[in-house]
Each structure stands twice: as structure tokens, then as C-alpha cells.
Amino acid sequence: MADPKGFMTTPRQEWARRPVEERVRDWDEVYEPGALLPIISKQADRCMDCGVPFCHDACPLGNLIPEWNDLVARKDWRSASDRLHATNNFPEFTGRLCPAPCEAGCVLAINQPAVTIKNVECAIADRAWEEGFVPPRVPERLSGKTVAVIGSGPTGLAAAQQLTRAGHTVAVYEKDDRIGGLMRYGIPSFKMEKRHLERRLGQMRAEGTRFRTSTAVGRDVDAAELRTRYDAVVLATGATAWRELQVPGRELEGIHQAMRYLPLANRVGEGDLEVSPLSAAGRHVVIVGGGDTGADCLGTAVREGAASVTQLDIYAQPGAERDEYAEPWPTYPKIYRLSPAHEEAGQLGTAPAADADARLFAASTLRFTGDDGGHVRALELVEVDERRRPVPGTGRTIPADLVLLALGFSGPDRGDGLIDQLGLVLDARGTIARDDGFATNVPGVFAAGDAARGQSLIVWAIAEGRAVAAAVDRYLTGGSQLPAPVSPGDKPMRV
Ligand SMILES: Cc1cc2nc3c(=O)[nH]c(=O)nc-3n(C[C@H](O)[C@H](O)[C@H](O)COP(=O)(O)OP(=O)(O)OC[C@H]3O[C@@H](n4cnc5c(N)ncnc54)[C@H](O)[C@@H]3O)c2cc1C
Ligand code: SF4
């Protein structure tokens, strides 16, 4: 640390967001361009360079956080970039999208605001691209081995980049028309602009990774036949089988799964559509589900010009502070968090039916009611206690002519036939079963990311992609120098 007293003299300052009125009129990232770099070296200097850095332990990638905090404090951006890329293939993704369990685990967070680790990571990644510190790393020699990676989300991309750099010939198969998984079709660009994805894909293509889009393995290509064509196969197909809401009126028109709604908005951003066929413009929108997918629907509906937006969360509103007994430091606590989307909905007053941030907590949907044409017009809800029992006298009806279901995901989508064609065994949760070395029951077929772990986070996806690459490299060559930051049995801190 350049200044040993930095944590005492410098208060935490985060990357400023653009004014709400401005940012809801476009789809660009919510952050103020150019506002991060001037503050970040002082922020990095708040790091105490702890003897036991809990931040490092809390990060599934094992990011070398105190090391790059020190390098940023000293403005040695090239070395900081090298240390960051030593553990993370795509820090510009995590620097924008990660909920930062590292910050919850930061030692400083015991009695004052944590180091802004996520902002430091993002600043290093962006600076590295600007300065040309991340050229393609083409392997010096090829192994002659071939690998098919199925799925191009963060898991598949991390695995593909690691294996390509190790000298294997890698082809990524993706059923969508563009590469990126949920980072392409799911996550809105106000959280991460797609140019960051394109830039990495350019690097990967230059390194030799090949991409086959619009190819659903199981439907367009037989999975078992694909296995015979490649020396190894990595399944990184995600977990996008969504949960349903079985209540009266579910069949009415105007009720959609979040993952039908969000990708259409992404397609407008890509220029494929002029207007989303499910646009929220002028509609009373109700989002059922209090998680991040719901928050992404909220930010999207606000930008599309919804008449009102309400997000229902079945859980009670968490407290503002960590519960020291139930969730002591350094765990990731369940506390009240105001995402940019909630800030927007609150400030714009688009939530007449709800509290100031558009959320109704402890709210359970009883039924939908519609008009004569069979279109949803209202949602009946009731307040529930901590055991989800209805609280008498709390029933009410709110207007709803677009309902978005964001209730989470149960496991991999089986519609393509890939799982059956390969004869894969699933575990009790419905995700692809694998052993401690990421190997499935089919020889030469490995599974990683959400497809095997269940719905998780980008940081876990990248960590699993790196680890499965090491396992495949070992399978192909008898040994591996590639890092394996996580094992299949590792449990995330609850996020
Ligand atoms: C709306 C939403 C918002 C999220 N926001 C965040 C966030 O802000 N921060 C965060 O950390 N995490 C977030 N997540 C979670 C995160 O996106 C996932 O954990 C992560 O993308 C998982 O990566 P993956 O590569 O395993 O799977 P995915 O990203 O789901 O990628 C799987 C890919 O496989 C392809 N595929 C599937 N089957 C086949 C087949 N048979 N043939 C060919 N291709 C196939 C799919 O089309 C897809 O492109 C969010 C999730 C959702 C749904
Ligand atoms: S725990 Fe916090 S203060 Fe300690 S090394 Fe990590 S970032 Fe720095």
C-alpha cells in the first residue's frame, strides 16, 4: 500500500452513476463516463494489504486483490492488468456485473465501508484495453487435440479461451445467432454494454477459437456424433429452464416469462427489431420475483416507457445492516440493496402500487384477472408472513396489463435433446451430474457452469470455465499447468 493510512483518511467513494432522468432515456451503462479513473487510485489506497486477505478468499476466482490494489495505488497499470488477468479471463464483465462477494468479505467492512474492489477491477480492465495491454495470446504450438465447447456464456468462453491458449483446437457451438449466453440475451446493456463482449470475442478469434452460431447441439447436430468428432466435449449450456407460477388466470394473454421479455429488448439493442413485440410502453407492468432478473425487467420496462412498474418479492424487506449473529462478517449478507433499476423506478415515481423503490415485499400472487378479450388486467396479491402464510385482511388488487415472471430457474433446458442423446445422468436437482474432476458419466464429456452448478453468477461461471479447462487439458495430455480455482463441490457464499 502506497499510503498506510489511506483507509483512515480517504472515505469510500463509488463510481458515480449518471442522473436518473438522463440514463433512462438511453440503454447505455448507468455509470458516468470518465468519472472512475480520477478517483480510483485513492480508493485502491484504502486497501490495508491484510496479512490474511479475506477478499481473496471470498472471490471464486481467487483474484489477487491486495496486489492489484497496491499496483493501482502506485498507478502501475500494466502490472495491475497482468495480475488481474492471471486469475480472470474477463474482468471487464465481472467489474460491471459481479455482486462482489469480495467486498462483503473485505476486512475493512468489519467496521467501515469496504474497499471499492469491483470498481478497481473495472478500472484496471478498461485501462488495459485502452493501453493495449491485452493483445491476443496465440499458442506457440498446437497439441493436435480438438475440443467442442457447447454454449457460449461466460463458462464456455472462459473454458474455450483457456484451452485455446493451451494449444488445443477449440470450436464453440452456440444455438443463438450471437455469442455470449446470458450476457448477450438476458442481461440488459445498461448493466454491461455489448461492446465489451465484442472486444473479447475479437481477442478470442485472433487467438484461434472458432465459433459456430445458430447451431443447437441435439437439434441441428447430433450430440453423440459430435462427441466422436472431437477428443473432448465441454457442456456449458447454462440453466435456463424457468420456474412457472401456477395460479388461476396464468393462461391469460400478457403474462410472459422474464426470459422471453428480456432477450427481445436485447434484440432491439442489437438492431434486429425496431420495437419489442412485448414492449412495456404505456403498460402497467408487474414483475413477479424479487431477484436480479426481476430488477433487469424493471430497468428495461422503465426505459421502454411503462405507465407503472411494480416488482413483487415474496420475502420480507431485509434490514439495512448485516445481522451480526445470523450472517456475520465475512459472509455475503442479505441486506436491503438499491440497484440502479430500483433507484430509477423510485425517483421517477413509476411505482404507484408499491413502495418508493417499486418493490412490494412479502407479497404473494393469488390470481390474475382479465378482460373479455382474455388479456390480463389485474393481479390479486396478499401479504405473507415469514412462513408464507397469508396475513388476513391484506389482500389487494393492482393494475397489470403486462406481467413478467422472474421466479428463477430449475436447471438445464432439455428441449434440444442433447442430454438424452448423450445419455447424461442428472443429479437430484436436475442439473448435469459430474465427478470431482468435472467429468460426466460419458467418457470425454465434461460439464461446467450453470448447467452443472445451477443458476449462479458470472464470477462462478468464469471460475468453472477455467477449472473445467484444466480438467480437460489433463484428460487430453496427462497433465496441466492451467489453474483450477474451484472444484465442483465448492459452495458459494450466499449471494
Ligand atoms: C436476466 C439475468 C440477469 C443476470 N444478471 C447477472 C448479473 O448481473 N451478475 C451475475 O454475476 N450474474 C447474473 N446472472 C447470472 C449469470 O448470467 C449466469 O450465472 C451465467 O451467465 C452462467 O453462465 P453459463 O455460461 O454457465 O450459462 P449461460 O450464460 O446461460 O450460457 C449458456 C449458453 O449455452 C447455449 N446453449 C444451451 N443449450 C445449447 C445447445 N444444445 N447447443 C448449443 N448451445 C446451447 C445457450 O444458448 C447459452 O448461450 C443473470 C442471469 C439472468 C437470467
Ligand atoms: S480484505 Fe480489504 S483491506 Fe484487506 S487486502 Fe482485501 S481489499 Fe484490502
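These notes cover the structure that comes with them. (Residues numbered from 1 in each chain as written. Chains lettered and ligands numbered in written order. Predicted model: local features only at pLDDT ≥ 70, side-chain atom pairs only at ≥ 80, totals over all residues. Heavy atoms only, no water.)

**Remarks on the site of ligand 1**
Residues in contact with ligand 1 amount to 35 residues; listed here are only the nearest, L97, T155, E174, K191 and V217. Separating a nitrogen atom of ligand 1 from a backbone N or O atom of L97 is a distance of 2.8 Å. With respect to ligand 1, the backbone of S456 contributes an N or O atom lying 3.2 Å from an oxygen atom. Bound to the protein, ligand 1 loses 95% of the 1,000 Å² it would expose on its own. Every element with two or more residues in the shell around ligand 1 is listed here: α10 (154-165), α14 (292-304) and α18 (458-477). Counted by class, the shell around ligand 1 contains 16 nonpolar, 12 polar and seven charged residues. Both domains that meet at the shell around ligand 1, namely domain 2 (146-240 + 410-477) and domain 3 (247-407), each give it at least three residues. (Near = heavy atom within 4 Å. Polar contact = N/O pair within 3.5 Å; in protein donor to acceptor, adjacent residues only side chain to side chain. Areas by Shrake-Rupley, 256 points an atom, 1.4 Å probe, with all protein chains shown as cover. Helix = DSSP H or I, 4+ residues; strand = E, 2+ residues; numbered from the N terminus. Nonpolar A, V, L, I, M, F, W, Y, C, P; charged D, E, K, R; others polar. Domains from an automatic or database assignment.)

**Digging into the nonpolar core**
Counting residues in each nonpolar core, the largest one holds 43 residues, and the members touching the most others are V147, L157, M183, V468 and V472. Put simply, the parts of the chain that give this core at least two residues each are α7 (91-97), β1 (146-150), α10, β2 (169-173), α11 (195-207), β4 (232-235) and α18. Here this core spans two domains, and each of domain 1 (6-131) and domain 2 (146-240 + 410-477) adds at least three residues to it. In this structure, V472 is in contact with V147, L163, A232, V234 and F446, ignoring residues within four places of it in sequence. Core analysis: the second largest hydrophobic core is formed by 33 residues, L64, A80, A100 and F133 among them. (Core = buried A, V, L, I, M, F, W, Y, C linked by side-chain atoms within 4.5 Å. Buried < 20%, exposed > 50% of the residue type's maximum accessible area, 1.4 Å probe, protein only. Contact = heavy atoms within 4.5 Å.)

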